[in-house]
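# Commentary on secondary and tertiary structure
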Amino acid sequence: MKKLSLLLAFFALVAAAVVLLAVPYVLRLDGQVTSWFEGKRWELPARIYARPLELYAGKTITVGALKEELNQLHYSKENTPEKPGEYSIKGNQIAIYSRTFPFPDALQPATLVKLTIHDNTIATLASPNSKEMVSMFRLEPVQFASIYPTQNEDRLLIKLTDAPELLIKMLLLIEDRNFYSHLGIRPTAILRAALANLRAGRTVQGGSTLTQQLVKNIFLSSEQTLLRKANEAIMALLLEYHYSKDEILETYLNEVYLGQDGNRAIHGFGLASRFYFGRDLGQLNPDQLALLVGMVRGASYYNPRHQAKRALSRRNQILDTLASAQLISPEQDAQMKKKPLAVTPESPSGVTPYPAFLELVRRQLARDYKDEDLRSEGLSIFTTLDPVIQHRAEDDLASELAAIEKRRGIKKKSSLQGALVIASVDQGEVVAVVGDRAPRQAGFNRALDMKRPIGSIVKPAVYLTALARPQSYNLLTTVSDTPITVPIAGGKDWQPENYDHLSHGPLPLMQALIHSYNLATVQLGMALGLDAVVGTLKNLGIQEEINAYPSLLLGAVELPPIEVLQMYQTIAAGGYQTPLRAILAVTDQHNATLQRYPLTVQQTVDPGAVFCLTNALQAVTTSGTASSLQRLLPPGLTVAGKTGTTDNLRDSWFAGFSGMHVAVAWVGRDDNTPTGLTGATGALGVWAKVMAGMNTSPLQLQSPENIRWYYADIDAGTIYNQQCAVSGQKILPFIRDGVLPEVVNCNRPRPKNSLEKTVEKGLNNIFNIFQ
């Protein structure tokens, strides 16, 4: 008896010791559970959106461009759109059922709109639910990137009240039928699953409740040990003790692992719906919900893109279970099992399909946000990206480089590279950035980081410096295209040459720019002063430090394409500098606006001088070094621009603008070896191809108040009296109260130009020989 008492006392002491030791351990586990649930449960990625497509009567857009936008948004083409995310096209009539979207300024509900397009212009825009015409409608923007947490987890949070009722019933039926009655664990289910798995020799049945699955996903590893299973059970009980069933279920809906996209882990039904079907969760059909619920058992094993047959079988098994539970009818079951999986095509894995543009966004964000905020606060970042133009620019750059290589017999190992940047003229909004002919590669971004000599595309700054002095210069002021020697302190004298190795004597300033004569440009630039030219470049928006060397006048200054774009945007905007921007607004996860990036405009150059310069740049594209644009662009698409070529034909540039868009293209090699291309035979073709395919408008210049017009003889460098109406002569702008060329009256012959004088002199000499 005494021995029995001692034995009982021993076991009591052991039990007490176990309890004393277990209490602190359980309290530690309790602290982990409560701190996670009551703190910030998830690090939410920043989501980055393109610009929304605005539709309104009078907007220029093709049916094809609108269809391309809808496809990028994963809209489904139907005979009649009946729910959000669907559209139909019947001839020139388009019906779109948009999705609900939280824009920075307002929440736009799902809306059905119908529009007609005639001659590539929206003729009518209306909503069937309203008798009035719709003045303007926005399609939700394409999400083209995310900035993920350090764990590379991604999720789109949903509330339990917003989850489809059928999804909840389906999930509980398949994974945990007694969820609302158990305390977090089911010992009998665990025992039953263990026996089944033991008999099968592999895992065929799970005994974990949804609460246990949630604990495992958040706090524990997947290793199969007794300690891990014990921790799972304890933490499940603690979770049930502290929180309601609805809180646990909502957390499960957002936490469950449902796939992988490269390094990105897909968590939660909200994001999985977008990832696999391109739709919001509330828009899925029962068969689509069944596929997602079936993947809970094993997202990789039942991956519908890589294991379609297995995923289809699992989905149909779920549908049969639903029919048995009378959640769907036998007829629905049979009908839905005939449907294909219909998941969207797999997107290229990675952070974004547009890494070059994303890099510009991240650099602008870095001014205002810490990296950890971008990775965890669930921000929405609305950018200026036009996905249609971006995609077209990528394709056009790659195809044009391939065409150049084929024409010139360039071997692949010596292949060309390129960069292309495009912005809106009036807003300075960057709409496309291409930094590589293989645009999906997130490597060296030539559009932003490559600094190369810019060649003759610097010349407009030289001529603008002169035109900004109207008391001394105008478009017809005579400049000298003759040899010049520029002394270089401590070095060899500089003797520039024209591309054709000829000199062309005295000629009008405008002609020197149109034909890109080097000697005339250097003569003019040295007369103006190098510091003045540098000042003009700064006024046009160049941020890089520029040394005032004479070779600057011919483009011996290294700039990235994005900075050249800023320079030409200021010219295109009439001398009003608008800092290029890639971000419009940033909102938090509750759709509260944190920051807007408003348009800022500053007049930095005289509009009259820029207007005169732009007239000359327009002539460059019709009769100068870029005249090949006349056969490359659609009829009526007037533009202005300038070619650029560097020493030994290493770099080929073209910068120019239409009425809506300004773009800069570069073609060259990364090893800086010669390409054999001028600006006109390389980059100009890239620029023309993308501009010809864009929805843009012709350049239509608006004359500033300080401009007067005269008929002019450009070759002679003279103008006609304003009372004269001279046929066959060009009309040119001149700044009011500025110096004017020689004025020719209607009743007297115009002066001979330099070529005519030279020919006349030669003929006289020949005549004198024979006298």
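In this text the structure is predicted, and so the values were computed from the model without any measurement. (Residues numbered from 1 in each chain as written. Predicted model: local features only at pLDDT ≥ 70, side-chain atom pairs only at ≥ 80, totals over all residues. Heavy atoms only, no water.)

## Digging into helix α2 (residues 63–72)
For clarity, the threshold we go by: Burial classes: relative accessible area under 20% of the type maximum marks a residue as buried, over 50% as exposed, and values in between as partly exposed (1.4 Å probe, protein chains only). Helix numbering and strand numbering both begin at the N terminus, where a helix is a DSSP run of H or I of at least 4 residues and a strand a DSSP run of E of at least 2. What the arc describes is the spread of directions from the helix axis to the C-beta atoms.
Along α2, the residues classified as buried are Ala-65, Leu-66, Glu-69 and Leu-70. The buried residues of α2 occupy an angular sector of 140° when projected down its axis, which confines them to one face. Phi turns positive one or two residues past the end of α2, at His-74, with a value near 60°.

## Concerning the nonpolar core
Under the convention used in this document: In these notes, a set of buried Ala, Val, Leu, Ile, Met, Phe, Trp, Tyr and Cys residues joined through side-chain atoms within 4.5 Å is what counts as a nonpolar core.
Residues Leu-66, Ile-96, Leu-365 and Ile-422 are the most contacted members of the largest nonpolar core, which totals 153 residues. Here the element with the most residues in this core is helix α21 (residues 607–623); it accounts for 9 residues. Core analysis: the next-biggest nonpolar cluster, separate from the first, contains 56 residues, Ile-158, Leu-172, Val-293 and Val-296 among them.

## A short note on the sheet that holds strand β5 (residues 93–97)
Sheet strands line up and pair through hydrogen bonds in the backbone, either parallel or antiparallel. Counted only if it meets this: Think of it this way: DSSP has to see at least two bridges between two strands before they count as a pair.
If you trace the 5 strands from one edge of the open sheet to the other, you get β3-β4-β5-β8-β9, paired in mixed fashion. The open sheet terminates on both sides in strands that have one partner only, identified here as β3 (76–77) and β9 (121–126). For strand β8 (residues 112–118) and β9, the ladder comprises 5 bridges, and the chain directions are antiparallel. Along β9, the bridge assignment pairs His-118 with Thr-121.

## Details of the sheet that holds strand β17 (residues 430–434)
The criterion, for reference: Axes here mean lines fitted to C-alpha atoms, for a helix over just the part in contact, with angles spanning 0 to 180 degrees between N-to-C directions. By definition, residues are in contact when any of their heavy atoms lie within 4.5 Å.
Spatial ordering of the open sheet is given by β17-β16-β28-β27-β26, a layout of 5 strands whose pairing is antiparallel. The strands lining the two open edges of the sheet, one partner per strand, are β17 and β26 (640–645). Shown here is a sheet whose adjacent strand axes are inclined to one another by a mean of 5°, direction ignored. Bridge analysis of β26 against strand β27 (residues 652–657) gives 6 bridges, and the strand direction is antiparallel. Residue pairing for β27: Gly-644 is matched across the bridge by Trp-653. Most of the contacts of helix α20 (residues 561–572) go to β27, to which it runs at about 30°, and overall it touches β16 (417–424), β26, β27 and β28 (661–668). Sheet strands in contact with α21 are β26 and β27, and its direction is about 65° off that of β26.

## Focus: the side chain of Lys-59
Rule in force here: The convention is simple: Lys and Arg are positive, Asp and Glu are negative, and His and the chain ends are not counted. The working definition used for a salt bridge is a side-chain nitrogen of Lys or Arg within 4 Å of a carboxyl oxygen of Asp or Glu.
Turning to its location among the elements, Lys-59 is positioned in the loop between β2 (54–55) and α2. Here Lys-59 occupies a buried position and makes no salt bridge, while the nearest side chain of opposite charge, Glu-54, is found at 6.4 Å. Beyond its immediate chain neighbours, meaning those up to four positions away, Lys-59 contacts Leu-53, Glu-54, Asn-120, Thr-121 and Ile-122.

## Description of the pairing of β5
In this sheet, β5 lies alongside strand β4 (residues 86–90) in antiparallel orientation, the contact comprising 5 bridges. From the neighbouring strand, Lys-90 faces β5, where its bridge partner is Gln-93. Note that β5 and β8 share 5 bridges and pair antiparallel. Residue Tyr-97 lies in a different strand from β8, and its bridge partner there is Leu-112.

## Quick look at unusual backbone geometry
Glycine aside, negative phi is the norm for most residues, and most peptide bonds take the trans geometry. We note that Asn-591 has phi near 70°; this positive angle belongs to a residue other than glycine. Tracing the backbone shows Asn-591 in the loop between β23 (583–587) and β24 (593–596). In this structure, Asn-672 takes a positive phi of about 65° despite not being glycine. In this fold, Asn-672 is placed in the loop between β28 and α23 (683–693).

## Some remarks on the environment of Thr-62
Put simply, the test is: Nitrogen and oxygen atoms within 3.5 Å of one another constitute a polar contact, given that in protein one can donate a hydrogen and the other can accept it, and given that sequence-neighbouring residues count only through two side-chain atoms.
Counting through the fold element by element, Thr-62 comes out in the loop between β2 and α2. For Thr-62, a relative accessible area of 33% corresponds to the partly exposed category. Taking C-alpha positions, Thr-62 is 8.8 Å from His-118, a pair spaced 56 residues apart along the chain. Among all residues touching Thr-62, those that are not within four sequence positions of it are Ile-117 and Asn-120. Here Ala-65 takes part through its backbone nitrogen, which lies 2.9 Å from a polar atom of the side chain of Thr-62.

## Describing a nonpolar patch on the surface
Counted only if it meets this: Residues qualify for a patch when their relative accessible area is over 30% and they have no salt bridge, like charges being joined within 9 Å and the nonpolar side chains of Val, Leu, Ile, Met, Phe, Trp and Tyr within 5 Å. For every accessible area listed, the method is Shrake-Rupley and the probe measures 1.4 Å; residues are considered covered only by the protein chains on display.
Taken together, Tyr-576, Leu-599 and Val-601 make up a surface patch of nonpolar side chains, about 240 Å² in accessible area. Relative to the helices and strands, Leu-599 resides in the loop between β24 and β25 (602–603). Judged by relative accessible area, Leu-599 falls into the partly exposed class, the value being 35%.

## Thoughts on the pairing of strand β14 (residues 264–267)
Consecutive side chains along a regular strand alternate between the two faces of the sheet. Burial along β14 is two-sided: the face carrying Arg-264 and Ile-266 and the face carrying Ala-265 and His-267 are both buried. Here 4 bridges tie strand β13 (residues 257–261) to β14, and the two strands are oriented antiparallel to one another. Residue pairing in the sheet places Gln-260 in a bridge with Ala-265 of β14. With antiparallel pairing between neighbouring strands as the criterion, β13 and β14 make up a hairpin whose turn holds 2 residues, including Gly-262 at a positive phi of roughly 65°.

## Re the side chain of Thr-344
Checked against the element boundaries, Thr-344 lands in the loop between α11 (330–337) and α12 (355–365). When neighbours within four sequence positions are excluded, Thr-344 is seen to be in contact with His-74, Phe-275, Tyr-276, Phe-277, Gly-278 and Arg-305.

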